[in-house]
Amino acid sequence: MHWVNMAENQSSVVSAKNLGLTFQTNDGPVNALTGVNLDVRKGDFVSFIGPSGCGKTTFLRVIADLEKATEGQILVNGTTPEDARKNRSYGYVFQAAALYPWRTIEKNIALPLEIMGYSKDEQKKRIDHTLALVNLTGFGKKYPWQLSGGMQQRASIARALAFDADLLLMDEPFGALDEIVRDHLNLQLLELWARTNKTICFVTHSIPEAVYLSTKIVVMSPRPGRVTDIIESTLPKERPLDIRETPEFLAIAHRVREGLKAGHSYDD
Amino acid sequence: MTNTLRTKIWPVLAVLVVIIAAWYAAALLMNRTLAVEEAARKGEVLTTGAMWLKAYSMDKPLLPAPHQIVTEIWNSTATMSITSKRSLVYHAWITLSATLLGFGLGTVLGIALAVGIVHNLAMDKSMMPWVIASQTIPIMAIAPMLIVVLNAIGISGLLPKALISTYLSFFPVVVGMVKGLRSPEIIQLDLMHTYYASRTQLFWKLRFPAAIPFLFASLKVGIAISLIGAIVGELPTGAVAGLGARLLSGSYYGQTIQIWAALFVSSIVAGLLVFIVGGIERLVYRMMGARPEAQA
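Residues numbered from 1 in each chain as written. Chains lettered and ligands numbered in written order. Predicted model: local features only at pLDDT ≥ 70, side-chain atom pairs only at ≥ 80, totals over all residues. Heavy atoms only, no water.

Novice: So what exactly am I meant to see when it comes to the overall build of chain B here?
Specialist: Each helix and strand counted, chain B has 11 helices and zero strands in total. Ordering the α and β elements of chain B from the N terminus gives α-α-α-α-α-α-α-α-α-α-α. Computed over the C-alpha atoms, the radius of gyration of chain B is 24 Å, more than 25% above the 19 Å expected from 2.2 N^0.38 for a compact globule of 296 residues. In terms of overall dimensions, chain B has a C-alpha envelope of 90 × 60 × 35 Å along the principal axes. The contacts of chain B with a sequence gap of at least 6 include a subset with a gap of at least 24, amounting to 72%. Taking the average location of the 21 positive side-chain charges in chain B and that of its 11 negative ones, the two points are 5 Å from each other. (Helix = DSSP H or I, 4+ residues; strand = E, 2+ residues; numbered from the N terminus. Rg over C-alpha atoms; globule rule 2.2 N^0.38 Å. Contact = heavy atoms within 4.5 Å. Lys, Arg positive; Asp, Glu negative; His and termini not counted. Charge placed at Lys NZ, Arg CZ, Asp CG, Glu CD.)

And the structure:
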């Protein structure tokens, strides 16, 4: 019944109702996620923030059909996560670039295109296009080890953008990079989002990063993993780096911190 | 270049010089008694100098001196037609052809078993103990039986010897390839899962390329033991041809120099084979874009 209602809502890209996931481990069941209700709309930039163990990565992996929910419902593009995966309706960016060392950058970007059966001409067109999107034009013939960590992560974003997925799932993609590189990539990611109109779900544990990037911030807490606050950002779409010193930005960051505190994320 | 000389060639040469010196000392000690006894039978008394010369130039010494072995190798390779039954080139080629056939079969068998073990749960649970058990049987015991059984069903010549090489060389390939095919990280497997890649695509685009370094490590071991297998396979055939036959006939007639010459040739051939596999490995690594200093 409500499945039908949710499917009718065309602009909803991810829709979770009472979603829960319990892992069965040797030490007994672990409640990774419980009672998650969330609606991600087309064109949203949603950040998931919280301390480790709050289930933010698990939630992203449920969307991607890398984990199966044990309670509640979730629809991705109006279908089950499994069908969404089979329809290749999302691109996933992992914490590490996970580029194949034996493939050049352009061959790495071609990997999903080869698997999905794109023609050679189409592959080349898309490689050139996505390399330009992540500012890596001219680096296509390099091998991953010849690139810096930030460039490798940009190449992995290009790989996720290469096929026609409107949803981009990013699991702490800049977590391993230094702050200067991270600032730079945040700026580029916003530009890319504005240009491509993708819907982005972004996991992070950095408050400034979440506030700077998002239209919607989902604050999460551990034991059991749950959503404690959902904040709609009031910041404009155009965001220079120094917006992070405005009172408006700081107010949102403060509310995120309060949400984390309410979920006992700062307890010992 | 000078760096290569200092870091690679000098250490090897230094060890070689020590080995040769030790060898001459050992040859003198071991052959001295033999030389003195032989002289005593003829009623001669040897001076120290004459005794040394004698110890290093006997026809059937206990331990031939290095120069005697080198001379024998030279005489039985460079100075005679390679089709002659006394040419070591001829015998080496016989053994080499069995080695290469067996190695090829062993590599294919090893890869096939590894693919099965990685992809099929039943094979994963059942095969490995048998693969390991196969290597606990002494090859010297199983080789004659295999040759006899195959002869009885009409298979003789190259193939039985090659099969013994196969029996030895498939093992490192199975072990290496199972590990190699399972070497991709979870994140790389997850990535393929998000692409909804088929098992075939997963194999050719991820598992197999990831296993290449493991494959070459196994092939280097495999090619060397393939040669051993071929030589062992030649021993029970009644010493017709091959390096194994030379070893056998040498030991029948107490021709120690001939035995050592055959041993030297077999180790030279083994070294060349490993070197060639290593060369192919470097070539493949370069084609796969490996970082220059990361090459083995």
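Novice: Quick question: what am I supposed to make of the environment of L147(A) here?
Specialist: All names here are of chain A. Structurally, L147 can be placed in the loop between α5 (120-133) and α6 (149-161). L147 sits in the buried class, given a relative accessible area of 6%. When the C-alpha positions of L147 and I105 are compared, they lie 9.3 Å apart, and in sequence the two are 42 residues distant. If near-sequence neighbours (up to four positions away) are discounted, L147 is found in contact with I105, F139, K142 and Q152. (Buried < 20%, exposed > 50% of the residue type's maximum accessible area, 1.4 Å probe, protein only.)

Novice: How should the sheet that holds strand β3 (residues 45-49) of chain A be read in this particular structure?
Specialist: In a beta sheet, neighbouring strands are held together by backbone hydrogen bonds and run either parallel or antiparallel to one another. All names here are of chain A. Pairing within the open sheet is mixed, and its six strands lie in the order β5-β6-β7-β3-β8-β9. Both edges of this open sheet fall to β5 (90-93) and β9 (226-232), since each of them pairs with a single strand only. Shown here is a sheet whose adjacent strand axes are inclined to one another by a mean of 15 degrees, direction ignored. Bridge count for β5 against strand β6 (residues 167-171) is four bridges, and the pairing is parallel. The residue bridging G91 from the neighbouring strand is L168, located in β6. Across the sheet, helix α9 (residues 247-262) lies against β3, β8 (216-221) and β9, angled at about 25 degrees from β8, the strand it touches most. (Pairing = 2+ DSSP bridges. Axes fitted to C-alpha atoms, helices over the stretch in contact; angles between N-to-C directions.)

Novice: So what exactly am I meant to see when it comes to empty space enclosed by the protein here?
Specialist: One simple way to see leftover space: roll a probe sized like a water molecule over the atoms. Residues and elements named next belong to chain A. In this structure the tally under the stated criterion is one cavity of 30 Å³ or more. When its volume is computed, the largest cavity comes out at roughly 60 Å³. Forming the walls of the largest cavity are L133, V134, R154, I157, F174, L185, Q188, L189 and L192. Elements supplying a minimum of two residues to the lining of the largest cavity: α6 and α7 (179-196). Here the lining of the largest cavity takes four residues from α7, the largest share from any one element. Residue classes in the lining of the largest cavity are distributed as seven nonpolar, one polar and one charged. Taken domain by domain, the lining of the largest cavity gets at least three of its residues from each of domain 1 (2-89 + 167-262) and domain 2 (97-164). (1 Å grid on protein atoms, 1.4 Å probe; cavity = no way out; pocket = protein on both sides within 12 Å on 5 of 7 lines; lining within 4 Å. Points joined across faces, edges and corners; volume = space filled by probe spheres on them. Nonpolar A, V, L, I, M, F, W, Y, C, P; charged D, E, K, R; others polar. Domains from an automatic or database assignment.)

Novice: When you look at helix α3 (residues 66-77) of chain B in this model, what are you seeing that I'm missing?
Specialist: Given 3.6 residues per turn, any residue in an α-helix points the same way as the ones three and four places further on. Residue and element names in this part refer to chain B. Taking 1.5 Å of rise per residue, the 12 residues of α3 would be expected to cover 16 Å, and the 17 Å separating its terminal C-alpha atoms lies within 8% of that figure. Listed as buried for α3 are P66, Q68, I69, I73 and S76. Buried residues along α3 cover an arc of 165 degrees about the axis, so they all sit on one side. Every exposed residue of α3 that faces more than 90 degrees away from the buried side is listed here: V70 and W74. (Expected span 1.5 Å × (residues − 1). Arc of directions from axis to C-beta.)

Novice: It is not clear to me how the domain arrangement of chain A should be interpreted in this structure. Could you clarify?
Specialist: When the parts of a complex come together, some accessible area is lost, and that lost area is often used as the size of the interface. Residue and element names in this part refer to chain A. For chain A, the assigned domains read domain 1 (2-89 + 167-262) and domain 2 (97-164). Distance from the C-alpha centre of domain 1 to the C-alpha centre of domain 2: 25 Å. Looking only at domain 1, the three residues that lose the most surface to domain 2 are R88, Q188 and L192, adding up to 41% of its buried area. The interface formed by domain 1 and domain 2 includes zero salt bridges. Along the contact surface separating domain 1 from domain 2 lie one residue pair in polar contact (both at pLDDT 80 or more). Secondary structure elements with two or more residues in the side of domain 1 that touches domain 2: β6 and α7. (Buried area = accessible area lost by both parts, 1.4 Å probe. Salt bridge = Lys/Arg side-chain N within 4 Å of Asp/Glu carboxyl O. Polar contact = N/O pair within 3.5 Å; in protein donor to acceptor, adjacent residues only side chain to side chain.)

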